[in-house]
Amino acid sequence: MTKLKIAYSPCPNDTFVFDAWAHGRVADAPRLDVTFADIDVTNGWAEGGTDDHDVLKVSYAVLPWILDEYALLPCGGALGRGCGPLVLTREPGSGADLAGKTVAVPSERSTAYLLFRLWAAESVPGGVGNVVVMPFHEIMPAVRDGRVDAGLVIHEARFTYKGYGLHCLADMGEHWESTTGLPIPLGAIVARRSLGAETLERLAEAARTSVRMAWDDPEASRPYVLEHAQEMDPKVADQHIGLYVNEFTADLGEHGYAAVRGLLTRAAAEGLVPPLAPDALSFP
């Protein structure tokens, strides 16, 4: 079989999950041709429908626009607890302080943005003012320097924002978990339905095996993780992996699927995404 084209981020959780598979250590798995891209880029590729990648890491938020063409794999992605996006400001405050203010976000197609909008609908009287999209690594400096009033941050920013002198105004994941009791859905792995059921099953099994191999021998993935971690402190990379790679990465399971349906159902009710068809999340 020719190599399957896959695109995922250079973030430590993705390189940790896919290391064994990408380097041919998963027996009988399809070979991979890997492209690294920020998740906002892969979201655009999937939604545009013109990309030629077979497998993509995307935000759960983009699923309602792409599930006709792509199937959600039941593994390989990022869900969890205590790992949600944060709203950061220069000074301590409350949600009411964001009324009419400018907030930087990493993408308007991200799960982080959906969680933020659901939180703001309850916590920011009258709503925020302007929403500005910028690369996630630029958000904390923009808040620190006063170019925006607040920033919605993801990934390792949970561990580093205090170094910018910033304060956590609200934790989107904490709000989600307290109101739903469900884990936080963040990033999904999708594959083209045109690959066929047999290949989709093989992909899912390869992803499960790859993450389990990474857990069994974490040191094996370390060179790949640090090579692509964009000068991240190795300790932060380890924290990142510990937070975003968990039992839901190996298998979404009942609670994982409930979280995805819950997020997209609530977002559809707010007019943020199109409604899902009843069998849209079925696999394969």
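Structure: see above.
The text that follows walks through the structure, step by step, so that each part is easy to find. (Residues numbered from 1 in each chain as written. Predicted model: local features only at pLDDT ≥ 70, side-chain atom pairs only at ≥ 80, totals over all residues. Heavy atoms only, no water.)

1. Concerning the pattern of salt bridges
As enumerated under the stated definition, the model contains twelve salt bridges in all. The residue E205 makes a salt bridge to R208 at a minimum N-O spacing of 3.6 Å. With E205 and R208 both in helix α8 (residues 197–216), this residue pair falls three residues apart, about one helical turn. Under the relative-accessibility criterion, E205 is labelled partly exposed at 40%. Accessibility expressed as a relative area gives 17% for R208, which makes it buried. Here E219 makes a salt bridge to R222, at a shortest N to O gap of 3.5 Å. In this pair, E219 and R222 are both assigned in helix α9 (residues 218–227), three residues apart and thus about one turn of the helix distant. Look at E219 and you get exposed, because its relative accessible area is 51%. Within this structure, R144, D145 and R147 form a network of salt bridges that share partners. (Salt bridge = Lys/Arg side-chain N within 4 Å of Asp/Glu carboxyl O. Helix = DSSP H or I, 4+ residues; strand = E, 2+ residues; numbered from the N terminus. Buried < 20%, exposed > 50% of the residue type's maximum accessible area, 1.4 Å probe, protein only.)

2. Section: the side chain of K57
With respect to the helices and strands, K57 occurs in strand β3 (residues 55–59). Apart from residues lying up to four places away in sequence, K57 is in contact with A7, Y8, N13, D14, I39, T42, G187, A188 and I189. (Contact = heavy atoms within 4.5 Å.)

3. Some points on the pairing of β3
Extensive coverage of β3 is indicated by the burial of five of its five residues. The alternating pattern of β3 places V55, K57 and S59 and L56 and V58 on opposite faces, both of which are buried. Of the strand pairs in this sheet, strand β1 (residues 4–8) and β3 are connected by two bridges, and their pairing is parallel. Within β3, the residue paired with A7 across the bridge is L56. (Pairing = 2+ DSSP bridges.)

4. Considering the packing of helix α4 (residues 111–123) against helix α12 (residues 253–269)
Their axes nearest at 10 Å, the elements α4 and α12 cross at an angle of 60°. By the criterion of interaxial angle, the relationship of α4 to α12 is oblique. The handedness of the crossing between α4 and α12 comes out as left-handed. Within the contact between the two elements, α4 uses T111, L114, L115 and L118 and α12 uses L263, L264, R266 and A267. (Axes fitted to C-alpha atoms, helices over the stretch in contact; angles between N-to-C directions. Parallel < 35°, antiparallel > 145°, perpendicular 65-115°, else oblique. Left-handed = near helix turned anticlockwise from the far one by under 90°.)

5. Observations concerning helix α7 (residues 172–180)
Taken as a whole, α7 has its buried residues at M172, G173, H175 and W176. Along the axis of α7, the buried residues cluster in a sector spanning 160°; they form a single face. Turned more than 90 degrees away from the buried face of α7 sit E174 and S178, all of them exposed. Looking at the buried residues of α7, the elements they touch are β6 (86–89), α4, β9 (150–153), β10 (167–171), β11 (184–192) and α12. At the N-terminal boundary of α7, the capping side chain belongs to D171, with an oxygen 2.9 Å from the backbone nitrogen of G173. Once α7 ends, the next one or two residues include G181, with phi positive near 75°. (Arc of directions from axis to C-beta. Polar contact = N/O pair within 3.5 Å; in protein donor to acceptor, adjacent residues only side chain to side chain.)

6. Section: the pairing of β11
Taking burial as the measure, the nine residues of β11 include nine buried ones, the bulk of the element. With five bridges joining them, β3 and β11 adopt antiparallel strand pairing. In the sheet register, S59 faces β11, and the bridge partner there is G187. In the sheet, strand β4 (residues 70–72) pairs with β11 via three bridges, with the strands oriented antiparallel. Across the sheet, residue Y70 finds its bridge partner in β11, namely R192.

7. A word on the sheet that holds β9
Pairing within the open sheet is mixed, and its five strands lie in the order β8-β7-β9-β6-β10. With partners counted over all chains shown, the strands left at the sheet margins are β8 (131–133) and β10, one partner each. Adjacent strand axes in the sheet meet at a mean angle of 30°, parallel and antiparallel pairs treated alike. Bridge analysis of strand β7 (residues 103–105) against β8 gives three bridges, and the strand direction is parallel. For V103, the partnering residue across the bridge sits in β8 and is V131. Where α4 meets the sheet, its contacts fall on β6, β7, β8, β9 and β10, and the angle it forms with β9 comes to roughly 130°. The strands touched by α7 are β6, β9 and β10; relative to β10, the strand with the most contacts, the crossing angle is about 25°.

Just geometry here; none of it tells us what the structure is for.
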